[in-house]
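# Structural features, examined
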Amino acid sequence: MAHLIAKTTTGQDAFIGRRSAWHQLGTVVPPQSGIITPDMVFSQNGGGLGYDVALIQAMANGKEVPGQFFRMRTDTGKVFGPSCSGDYVVANNVPTMRPLLDALVGEGLAVIETAGVLRDGADAWVAVRFKGAEFDKAGADDAGDNRTEYYGVLMANHDGRAKFRVLFTPIRIVCANTQGFALRDRRTTVRSIKHTKNASSRIVQEALNLWADAAGHAAEFNAIREMLAPRILTPDQFKASVLDTVAPYLDVNEPGISDRARKNRETRNADADSRRTILLDMWFNGTGMSGDPTAWDAYNAVTEALDHNSAWHTQHNGSEFLETLLPGGKLETLKSEVLHNLISLPA
């Protein structure tokens, strides 16, 4: 689908990753065979991020529209709207992301895990996994074998919907679940750096700042895990915090709705029944669960279901599903809502 994973100029999916779980997209670099380098991220045989976007004059009826421009991907001619003024500054992928990636990887602060392009080039991202003792400490549970790893996602946008962002997301390795973490704004500001004689040292400093910020987020997320892990939920609390958010029922008796709408809601409620059964089972029997009805296991039941169970994405292709899991996507938002619900429960 053109509005999801883009194609590179060589015709392959613009995606590269060290793991291939559900997506079956792009180029997979198994961990045992090596690392993903910044060159691979921007290559048209890899992540495909090495394209440029430029402003072009807006036209109407064969005439220039004064002061109005569109953004165009220069290698394919794809035009992104809406129009913008001449004051808009294009932040291309290579000059925006490459120096930061070089510094993070070169200083041993992170490794590149995935990268790709969405919507014909309107969006591009790189996910890095942070390294260091701070992340190791925050990543292990009490038994030490149910790890959470911590990632930064660099996201660029070229159609005017968003600024360049760096977001933080934990991933529970035992089941490869992306654990949405948006209790507050997780965006990390990375200041633009001009190409001067001091640029290299400033870029390294920005990488160190980003690493330190991520370490703080990891510690905060670990504190949440330690709070939720021993908390036992009642069935009513599980229903209110999890089931009613992730598999809600629709009102089939709403006054004034048509027979067709009522039948549609009945069908969707039957789907919700199936999803609730799955979530209840995963709460106790999901990958890496303790077997106790804890709030932490309830949250991990949600992340495992949304990431891997076909009941939530029976009509998706790999690229469409990937978009829902990226920060701001539908499934990622649901995870964050559930986490907020569980944290808000009275002790």
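A brief report on the enclosed structure follows. Keep in mind it's a predicted model, so treat the numbers as computed, not measured.

### Points about the overall build of the protein
Helix and strand counts for the protein stand at nine helices and 10 strands. Counting over 347 residues, the protein shows a buried share of 45%. Across the protein, contacts joining residues at least 24 apart in sequence account for 59% of those joining residues at least 6 apart. For the protein, the exposed surface amounts to about 16,500 Å²; the carbon and sulfur share of it is 52%.

### Description of the side chain of Asn-269
The topology assignment puts Asn-269 in helix 6 (residues 259–285). With sequence-adjacent residues up to four places away left out, Asn-269 is seen in contact with Pro-248, Tyr-249, Leu-250 and Val-252.

### A look at the pairing of strand 7 (residues 123–130)
Of all eight residues in strand 7, eight are buried, a share of seventy percent or more. In strand 7, alternate side chains face the same way, and those of Asp-123, Trp-125, Ala-127 and Arg-129 on one face and Ala-124, Val-126, Val-128 and Phe-130 on the other are all buried. Examined bridge by bridge, strand 6 (residues 110–118) and strand 7 share eight bridges and lie antiparallel to one another. Pairing of Ala-110 across the sheet is with Phe-130, part of strand 7. Linking strand 6 back to strand 7 in an antiparallel pair, the connection comprises four residues, with Arg-119 at a positive phi of about 50°. As judged from the seven bridges shared by strand 7 and strand 8 (residues 148–157), these two strands associate in the antiparallel manner.

### Thoughts on helix 2 (residues 93–106)
The end-to-end C-alpha distance of helix 2 is 19 Å, a good match for the 20 Å that 14 residues give at a rise of 1.5 Å each. Turning to helix 2, its buried residues number three or more, namely Asn-93, Met-97, Leu-100, Leu-101, Ala-103 and Leu-104. Projected onto a plane normal to the axis of helix 2, the buried residues spread over an arc of 165° and lie on a single side. Looking one or two places after helix 2, you find Gly-108, whose phi comes out positive at around 75°.

### Quick word on helix 5 (residues 235–246)
In this model helix 5 runs 15 Å from its N-terminal to its C-terminal C-alpha over 12 residues, within 8% of the 16 Å that 1.5 Å per residue would give. All buried positions along helix 5 are accounted for by Phe-238, Ser-241, Val-242, Leu-243, Thr-245 and Val-246. In this structure, the buried residues of helix 5 make contact with helix 6, helix 7 (295–308) and helix 9 (330–344).

Analysis parameters
- Residues numbered from 1 in each chain as written.
- Predicted model: local features only at pLDDT ≥ 70, side-chain atom pairs only at ≥ 80, totals over all residues.
- Heavy atoms only, no water.
- Helix = DSSP H or I, 4+ residues; strand = E, 2+ residues; numbered from the N terminus.
- Buried < 20%, exposed > 50% of the residue type's maximum accessible area, 1.4 Å probe, protein only.
- Contact = heavy atoms within 4.5 Å.
- Areas by Shrake-Rupley, 256 points an atom, 1.4 Å probe, with all protein chains shown as cover.
- Pairing = 2+ DSSP bridges.
- Expected span 1.5 Å × (residues − 1).
- Arc of directions from axis to C-beta.

No statement about biological role is implied by the geometric values presented.
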